[in-house]
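Reading the structure
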Amino acid sequence: MNGKATTTKARLERGRSALGPALELVHTGRAHTRAVLTAELGVTRATAGAVAAELEALGLIRVDSRPAAVGSQGRPSHRLSVDDTGPVVLAAQVHADGFRAALVGLGGRTVATAPGCVTVSADPAQVLGEVVDAGAALLRESGRRCVGAGLAVPSAVAEPDGTALNPLHLAWPAGAPVRDIFAGQVRAAGIQGPAFTGNDVNLAALAEHRHGAGRGAQHLLCVATGHRGVGGALVLDGRLHTGSSGLALEVGHLTVNPQGRPCHCGSRGCLDVEADPLAFLTAAGRDPGPEVSLLQQSRQLLRTEYDDPAVRNAGEELIDRLGLGLAGLVNILNPDRIILGGLHRELLDADPERLRAVVADRSLWGRSGGVPILPCTLEHNSLVGAAELAWQPVLDDPLGALG
Ligand SMILES: [Zn+2]
């Protein structure tokens, strides 16, 4: 092989290996122009141009050459954005009050969504079949190409088996093989691409890190309620910390009230039963009605009736318990940011000073500098995170996954 051919081959390989990182930069909104892409990738302008053109040819991004943006050297630079007519993934979520299916494009953009309010069957195949059917209908309506599927469940998901180990708020049997069931139904529905399953709060944290309130954090702690129960997740340098077998950060079973209510896990006074929507409604003396989800009812109460003394007392009680749990986590994990989702986000909005003060008073590291505590910002962040799982093979190797 002569020198010129070697150089050309090396350039092509460098270009191909840059496709994934380049797509991730556009996907996460960190490269809006070709000039930024060039700087972030550390390649020549010619290579960055070729990489952007290749991603555009794959139907993943758009390159707009109209001179509007100004590059780092003061020259106009091509603008980059995700192609909003490009492929999508099917994202699915099962929670205590039903399910939601969605089509999600690059950039974490929800294209279409279909909620389903059902009594979740004790047979996981039943509700997973319904959510996959809802997703398949969305795909047919949209006519978009599907490149994979992701599912979020309110349970720790053991790796490498893909089993739901503790679906405490569903009647599913512990150890149900949810990943295999979901993947089988996705295939049976004729939906293209691989299928993945993860814990809902883990996926929410991943989505917030890439597209929401967690962007730029190095040690991101996420604590959130679902419709029932409490979960946690840690994103370290952009990767979910899931422990040796997928079961890390089971923060819902931290004891925050030793004399508190019995928990489904066998202990007592866990965050899971002391700081979730049902605990809040009970503390406020409200009968949880059957018509909408407990999370919706709690949110409504906190937003519209916080001057009612019973509601305020209940809110303060939950804020104090949540703060105690967060303080312990701050001491152990030393995060650089905490984000709160579900009911916890509403509690933060209702009285941010009280929550921050409890965390500061009760933790060593919280006291010294203060850890920023912020609300999650994405709507349906677990769904967006389920989509991230499905997008990951494309982000790793766009040409291999789509070519
Ligand atoms: Zn527990």
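Residues numbered from 1 in each chain as written. Predicted model: local features only at pLDDT ≥ 70, side-chain atom pairs only at ≥ 80, totals over all residues. Heavy atoms only, no water.

With that settled, consider the overall build of the protein chain. The secondary structure content of the protein chain amounts to 15 helices and 14 strands. Across its three principal directions, the C-alpha atoms of the protein chain cover 75 × 50 × 40 Å. When each of the 403 residues of the protein chain is scored for burial, the buried share is 52%. Restricting to contacts in the protein chain with at least 6 residues of sequence separation, those with at least 24 account for 63%. (Helix = DSSP H or I, 4+ residues; strand = E, 2+ residues; numbered from the N terminus. Buried < 20%, exposed > 50% of the residue type's maximum accessible area, 1.4 Å probe, protein only. Contact = heavy atoms within 4.5 Å.)

Once that is clear, we can look at the coordination of the zinc ion. At this site the zinc ion is bound by His 253 (ND1), Cys 263 (SG), Cys 265 (SG) and Cys 270 (SG), with donor distances of 2.0 to 2.3 Å. Note that the zinc ion binds four donor atoms; their angles at the metal cover 106 to 120 degrees, and the shape is tetrahedral. The sequence motif formed by the donor residues of the zinc ion is H-x9-C-x1-C-x4-C. (Donors = N, O, S within 2.8 Å, 3.2 Å for Na, K, Ca; no water. Tetrahedral: all angles 85-135°; square planar, octahedral: opposite > 155°, others 65-115°.)

Here we come to helix 4 (residues 124-142). Spanning 19 residues, helix 4 covers 27 Å between terminal C-alpha atoms, matching the ideal 27 Å at 1.5 Å per step. Among the residues of helix 4, Pro 124, Val 127, Leu 128, Gly 129, Val 131, Val 132, Ala 134, Gly 135, Ala 136, Leu 138 and Leu 139 are the ones counted as buried. Elements in contact with the buried residues of helix 4: strand 3 (88-95), strand 4 (98-104), strand 5 (110-117), strand 6 (146-153) and helix 5 (178-188). (Expected span 1.5 Å × (residues − 1).)

Ordered in space as 5-4-3-6-9, the five strands form an open sheet in which the pairing is mixed. Of all the strands in the sheet, just strand 5 and strand 9 (195-199) have a single pairing partner and so form its edges. Across the sheet, the axes of successive neighbouring strands diverge by a mean angle of 15 degrees, strand direction being ignored. Where strand 3 and strand 4 come together, seven bridges link them in antiparallel fashion. Bridged to Val 94 within strand 4 is Phe 99. Contacts from helix 5 reach strand 3, strand 6 and strand 9 within the one sheet, and its direction differs from that of strand 9 by about 145 degrees. (Pairing = 2+ DSSP bridges. Axes fitted to C-alpha atoms, helices over the stretch in contact; angles between N-to-C directions.)

Moving on, we get to the packing of helix 10 (residues 309-333) against helix 12 (residues 352-362). Relative to each other, helix 10 and helix 12 sit at 40 degrees, their axes nearing to 8 Å. The orientation of helix 10 with respect to helix 12, classified from their angle, is oblique. Considering only the axes of helix 10 and helix 12, their crossing is right-handed. Counted together, Glu 316, Ile 319, Asp 320, Leu 322, Gly 323, Leu 324, Leu 326, Ala 327, Val 330 and Asn 331 of helix 10 and Arg 354, Leu 355, Val 358, Val 359 and Arg 362 of helix 12 form the full contact between these two elements. Grouping the constituent residues of the contact of helix 10 with helix 12 by class yields nine nonpolar, two polar and four charged. (Parallel < 35°, antiparallel > 145°, perpendicular 65-115°, else oblique. Left-handed = near helix turned anticlockwise from the far one by under 90°. Nonpolar A, V, L, I, M, F, W, Y, C, P; charged D, E, K, R; others polar.)

The next subject is the domain arrangement of the protein chain. Each assigned domain of the protein chain is listed with its residue range as follows: domain 1 (3-82), domain 2 (88-202 + 382-402) and domain 3 (216-377). Taken over C-alpha atoms, the centre of domain 1 sits 31 Å from the centre of domain 2. Facing the 11 residues of domain 1 at the interface are 14 residues of domain 2. The junction of domain 1 with domain 2 conceals about 1100 Å² of combined surface from both sides, 71% of it contributed by carbon and sulfur atoms. Across the domain 1-domain 2 interface, the total number found is one salt bridge. For Arg 16, the salt bridge is made with Asp 397, and the minimal N-O distance between the two is 3.2 Å. Connecting domain 1 to domain 2 are three residue pairs in polar contact (both at pLDDT 80 or more). When residues of the side of domain 1 that touches domain 2 are assigned to their parent elements, the largest contribution, six residues, is made by helix 1 (residues 3-27). Of the residues in the side of domain 1 that touches domain 2, the class split is six nonpolar, two polar and three charged. (Domains from an automatic or database assignment. Buried area = accessible area lost by both parts, 1.4 Å probe. Salt bridge = Lys/Arg side-chain N within 4 Å of Asp/Glu carboxyl O. Polar contact = N/O pair within 3.5 Å; in protein donor to acceptor, adjacent residues only side chain to side chain.)

Okay, the pairing of strand 13 (residues 337-341) next. The element strand 13 is extensively covered by neighbouring structure, given that five of its five residues are classed as buried. Burial along strand 13 is two-sided: Arg 337, Ile 339 and Gly 341 facing one way and Ile 338 and Leu 340 facing the other are all buried. Strand direction decides the pairing type here: strand 10 (residues 219-225) and strand 13, joined by five bridges, are parallel. Along strand 13, the bridge assignment pairs Ala 224 with Gly 341. Taken together, the three bridges between strand 13 and strand 14 (residues 373-375) define a ladder with parallel strand orientation. Looking at the pairing, Ile 339 lines up with Leu 374 of strand 14.

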